[in-house]
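A structural walkthrough
Below, each chain spelled out in residue letters.
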Amino acid sequence: NSESGRLCPAVWRLLFLLPCVACWCSCSARKGGDASGGEGGEQPALTQVAALINNKAGTVRFREADGGGWLEAEVGMTLHSGSIVRSDWMSQLDLFFTETASTLTIDERSLVYLEQLAATGAQQAGDLGLKLYVPYGHLWGTLLSEQETARLQIRGPHGAGLSVAAEPGGGVDFDYHLSL
């Protein structure tokens, strides 16, 4: 049967995303030299960046990477790599990344682990890398880039996820929803 050898469109879309996830780790190595980081060139250093809370509605709590207790999120606070954000019913939190003017909105009933918020390169402008783990919830936003490629990787349980990149001078809107 000739139909058995064809892939359905949904599978093609998944296969299209796989190279993006695979290149997440290798892109900075290609820019800085060989992947080993040896004599062929140095990899750019990662600089941790902060996410500024610029809007909040309802009850949103966060926990810092050091494992302290849950704190109420407030406008003007900054979140860093390793923080965990939890939003209650009818709540929402907007994060702003000053390095690229990228935005991330965490909707109600969401749990988001900010695994990595980092910039690479000497100038730190526009080369943003975000890695999130979302067991459940709804996120959306805009990933913008000025000088370098900005990347966002969202992982979920059981292999769910999303990987997007904004090329220099461009941007991409994203929307991720995972229910329990």
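Scope of this entry: the structure provided in the associated data block. All residue numbers here refer to positions counted from 1 along the written sequence of the relevant chain. Given that the model is predicted, a residue must reach a pLDDT of at least 70 before its local features are reported, and side-chain atom pairs must reach 80 or more before they are shown or counted; all residues, however, enter totals for whole chains, interfaces and linings. Computation of side-chain values covers all heavy atoms of the structure but excludes hydrogens and water.

As a further point, take the overall build of the protein chain. Secondary structure elements follow DSSP: runs of H or I no shorter than four residues count as helices, runs of E no shorter than two count as strands, and numbering proceeds from the N terminus. When its secondary structure is counted, the protein chain shows one helix and 13 strands. Mapped in sequence order, the helices and strands of the protein chain form the string α-β-β-β-β-β-β-β-β-β-β-β-β-β. Per-residue accessibility, obtained with a 1.4 Å probe over protein chains only, is compared with the maximum for each type, and a residue is labelled buried under 20%, exposed over 50%, and partly exposed between these values. Here the protein chain, with 180 residues, has 37% of them falling under the buried criterion. Two residues qualify as a contact provided that any one of their heavy atoms is within 4.5 Å of a heavy atom in the partner residue. At a minimum sequence separation of 6, the contacts of the protein chain that also span at least 24 residues come to 48%. A 1.4 Å probe and the Shrake-Rupley method give the accessible areas. Residues count as covered only by the protein chains that appear here. For the protein chain, the accessible surface area stands at approximately 9700 Å², while carbon and sulfur atoms represent 55% of it.

Bringing the pattern of salt bridges into the picture now. Oppositely charged side chains can form a pair if their charged atoms are brought close together. Whenever Lys or Arg places a side-chain nitrogen within 4 Å of a carboxyl oxygen from Asp or Glu, that contact is recorded as a salt bridge. All chains considered together, the criterion is met by four salt bridges. A salt bridge links D88 to R61; the nearest nitrogen and oxygen atoms lie 3.6 Å apart. Note that D88 is positioned in the loop between strand 6 (84–87) and strand 7 (92–97) and R61 in strand 3 (residues 60–63), a separation of 27 residues in sequence. Judged by relative accessible area, which is 30%, D88 ranks as partly exposed. The exposure class assigned to R61 is partly exposed, which follows from its relative accessible area of 29%. Here E108 ties to R109 by a salt bridge, and the two come within 3.6 Å at their closest N and O atoms. The partly exposed category is assigned to E108, whose relative accessible area is 25%. For R109, a relative accessible area of 48% corresponds to the partly exposed category.

Quick look at the environment of T59 now. Within the secondary structure, T59 is located in the loop between strand 2 (51–57) and strand 3. Linking T59 and A73, residues 14 residues apart in sequence, is a C-alpha distance of 8.0 Å.

This part is about the pairing of strand 12 (residues 161–166). We call two strands paired when DSSP finds no fewer than two bridges between them. In this sheet, strand 12 lies alongside strand 11 (residues 150–155) in antiparallel orientation, the contact comprising six bridges. Within strand 12, the residue paired with A150 across the bridge is A166. If you look at the hairpin formed by strand 11 and strand 12, you'll find five residues sitting between the two strands, and H158 has a positive phi there, around 60 degrees.

When the centres of two rings from Phe, Tyr and Trp lie within 6.5 Å, Trp using its six-membered ring, the rings pair. Their planes under 30 degrees apart give stacked, over 60 give edge-to-face, and anything left gives tilted. What the rule picks out here adds up to one aromatic pair. A ring pair is formed by Y113 and Y133, whose centres lie 5.6 Å apart and whose planes are at 55 degrees; its orientation type is tilted. Of this pair, Y113 sits in strand 9 (residues 110–120) while Y133 sits in strand 10 (residues 128–144), placing them 20 residues apart in sequence. Look at Y113 and you get partly exposed, because its relative accessible area is 31%. Look at NZ for Lys and CZ for Arg. If either is within 6 Å of the ring centre and within 35 degrees of the ring normal, a charge sits over the ring. Directly above the aromatic system of W70 lies the positively charged group of R86, at a separation of 4.2 Å from the ring centroid.

The next subject is unusual backbone geometry. Unusually for a residue other than glycine, M90 sits at a positive phi of about 55 degrees. In this fold, M90 is placed in the loop between strand 6 and strand 7. If you check the backbone angles, H158 has positive phi at about 60 degrees while not being a glycine. Examined against the element boundaries, H158 turns out to sit in the loop between strand 11 and strand 12.

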